[in-house]
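Report on the structure
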Amino acid sequence: MVEAVLIDLFSLPADLQNIQGLLHNTLETIEKCSSIHAPCVYVMCCQRQGSERKGEQEFLLPALRGFQNLKRRLEVVCTQTTAAALYTIKQRLDEKDLSIIKVILPSLRKDLMKVYIDYLFTAVYQFEFEDLHMVSDCENLQISEPQHEGQTLPSQDMALIRSEIQMYLESLPSLKGELTILRSSLIPDDIFLHGFTTRTGGISYIPTLSSCNLFSSSKRRDPQVVVKENLRRLANAAGFNPEAFHRVKINHANAVCVMGKIEPNNYDGIVTNQKGVTLAAPGADCIPVLFADPVRKACGAAHSGWKGTLLGVSMATVNAMVSEYGCNMKDILVVLGPSVGPCCYKLPHESAKEFHRIDPKCVRLFDSASPYIDIRRATRILLERGGILPENIQDDSITDQNQNITFCTACHPDKFYSHFRDGTNFGTQIGFISIKD
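Being a predicted model, the structure only gives us computed values, none of them experimental.

Side note on the overall build of the chain
For the chain, the helix and strand inventory stands at eleven helices and 18 strands. By its C-alpha atoms, the chain is 80 × 50 × 40 Å across when sized along the principal axes. In the chain, of all internal contacts separated by at least 6 residues, the share reaching a separation of at least 24 is 70%. On the chain, roughly 19400 Å² of surface is accessible, and the fraction owed to carbon and sulfur atoms is 50%. Averaging the positions of the 45 positive and the 49 negative side-chain charges in the chain gives two centres separated by 4 Å.

Here it is as structure tokens:
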């Protein structure tokens with residue numbers, strides 16, 4: 001059943017004689033169905049540059065009067081671009097957790113609107129399209145199967161839409177404070193550019209994703225264009241090229257990608273010796289691990305969750321640096337970024353057994369049904385056993401806690417995202433590293 005109705009009047013001039021009639025008839029149809037269900041209604045129209053109208057609803061008032069049943073659920077969104085209007089409406093939908101939307105629009109706008117929606121929304125949302133002049137009865141408000149028509153817009157129009165969306169997102173203010181990057185004193189900054197992000201300084205507005213979310217998926221409400229804008233702001237602050245940015249393709253295993261060779265379908269580690277190429281590993285409880293060899297000038301990044309930790313993804317990344325670039329184990333520096341700590345992280349007893357085998361100190365309350373697990377300690381132990389020098393590993397065990405960057409993500413909701421704490425619609429921070437030009 002439709003949860004929201006979007007009426008697109010954006011392409012219609014404000015002085016069109018019959019626009020009030022069109023809107024009135026459409027709203028009348030929706031109101032008739034309100035006894036069955038009560039969708040929120042958004043009317044999208046164009047705010048002309050230089051317009052002297054004091055109220056954005058002024059020219060629509062004749063059509064809006066009298067719809068008392070819709071009054072609390074009816075909003076007019078008047079902006080200068082389609083991107084701004086749709087993004088504003090998306091915010092309203094997300095505030096109410098709505099995802100089934102009927103779009104009523106002029107037929108000539110349909111292909112255009114679908115492109116905007118593809119960029120600004122994810123697969124979480126379902127859209128159905130109806131021609132504006134065809135709305136006449138309640139049956140038209142029943143949801144049907146999503147339509148999957150091919151795009152017919154010229155590439156030039158697609159480029160203009162992308163540019164409009166990008167310009168609008170770039171104009172938005174940062175949320176939740178300034179963009180903050182945590183850096184390790186272990187990695188020499190004259191050779192490497194690196195850091196771990198926090199959750200502040202981006203434009204993601206959904207509470208669990210706010211604000212510098214750096215990962216998009218079909219199951220979350222943050223679209224790729226928003227994540228791309230967050231990444232652009234991070235790159236600008238950190239000083240790397242976002243067009244030469246490579247993030248691991250998570251599989252919670254131990255495969256490693258070597259930049260310049262055939263890329264695996266999935267991998268949790270990545271290495272390079274190319275200058276100016278930024279490698280990144282996400283984390284929202286799982287550990288983003290960074291690797292740097294200042295002698296051979298090579299670096300790497302790995303995503304180490306509990307499964308990847310047990311499978312040895314960190315040592316697999318180290319071994320790739322040794323075999324591909326001739327690195328010496330004793331020269332490789334390893335930094336563990338923000339991740340869920342042993343204070344918060346629990347696993348079922350069967351999984352805890354595997355960590356207990358690595359070292360009993362990796363498990364607390366071992367005899368309980370869900371013991372506490374220290375994936376950081378397990379990672380350190382496996383790295384040391386593999387040949388990494390203890391003093392070349394930075395984690396939460398360092399003596400000077402002022403140098404600690406391996407915070408517990410679950411314990412610091414103001415600084416970090418946490419899947420464990422926030423549930424399925426969680427945001428993601430990253431660890432990144434590159435070799436300076």
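Still more ground to cover, so stick around.
What about the sheet that holds strand β5 (residues 126-131)?
Spatially, the five strands line up as an open sheet ordered β3-β2-β1-β4-β5, and their pairing is parallel. Each edge of the open sheet is held by one strand with a lone partner, namely β3 (74-79) and β5. Within this sheet the neighbouring strands show an average axis-to-axis angle of 20°, counted without direction. Note that strand β1 (residues 4-8) and strand β4 (residues 100-105) share four bridges and pair parallel. Along β4, the bridge assignment pairs I7 with I104. In the packing of helix α3 (residues 82-95) onto the sheet, the strands contacted are β1, β2 (40-46), β3 and β4, and the crossing angle to β2 comes to about 165°. Sheet contacts for helix α4 (residues 110-120): β1, β2, β4 and β5; angle to β5, the most-contacted strand, approximately 165°.

Describing the pairing of strand β14 (residues 333-336)
The side chains of a regular strand alternate between both faces of the sheet. Because side chains alternate across β14, one face comprises the buried residues L333 and V335, and the other comprises V334 and L336, equally buried. Examined bridge by bridge, strand β12 (residues 287-293) and β14 share four bridges and lie antiparallel to one another. By the bridge assignment for β14, A292 is matched with L333. Bridging between β14 and strand β17 (residues 393-394) involves two bridges; their strand directions are parallel. Considered in β17, the bridge of V334 is made with I393.

Considering the packing of aromatic side chains
The description of an aromatic ring pair uses the distance of the two centres, along with the angle that the planes make with each other. According to the stated counting rule, one finds eight aromatic pairs in the structure shown. Geometrically, the ring pair formed by Y87 and Y205 is edge-to-face, given 5.7 Å between the ring centres and 85° between the ring planes. With Y87 in helix α3 and Y205 in the loop between β7 (192-197) and α6 (224-238), the pair connects residues that are 118 residues apart, well separated along the chain. Exposure remark for Y87: the relative accessible area of 2% places this residue in the buried category. For the pair F240 and F432, a centre-to-centre distance of 5.3 Å together with 50° between the ring planes defines the contact as tilted. In this pair, F240 is assigned in the loop between α6 and β8 (245-247) and F432 in strand β18 (residues 429-435), connecting sequence segments 192 residues apart. Joined through ring pairs, the aromatic side chains of Y87, Y168 and Y205 make up one cluster. The cationic tip of R220 hangs over the ring face of F426; the distance from NZ or CZ to the ring centre is 4.0 Å. Positioned above the aromatic ring of Y372 is the side chain of R364, whose terminal nitrogen or guanidinium carbon lies 4.2 Å from the ring centre.

Criteria and cut-off values
Residues numbered from 1 in each chain as written. Predicted model: local features only at pLDDT ≥ 70, side-chain atom pairs only at ≥ 80, totals over all residues. Heavy atoms only, no water. Helix = DSSP H or I, 4+ residues; strand = E, 2+ residues; numbered from the N terminus. Contact = heavy atoms within 4.5 Å. Areas by Shrake-Rupley, 256 points an atom, 1.4 Å probe, with all protein chains shown as cover. Lys, Arg positive; Asp, Glu negative; His and termini not counted. Charge placed at Lys NZ, Arg CZ, Asp CG, Glu CD. Pairing = 2+ DSSP bridges. Axes fitted to C-alpha atoms, helices over the stretch in contact; angles between N-to-C directions. Buried < 20%, exposed > 50% of the residue type's maximum accessible area, 1.4 Å probe, protein only. Phe/Tyr/Trp six-rings, centres within 6.5 Å; stacked < 30°, edge-to-face > 60°. Lys NZ or Arg CZ within 6 Å of the ring centre and 35° of its normal.

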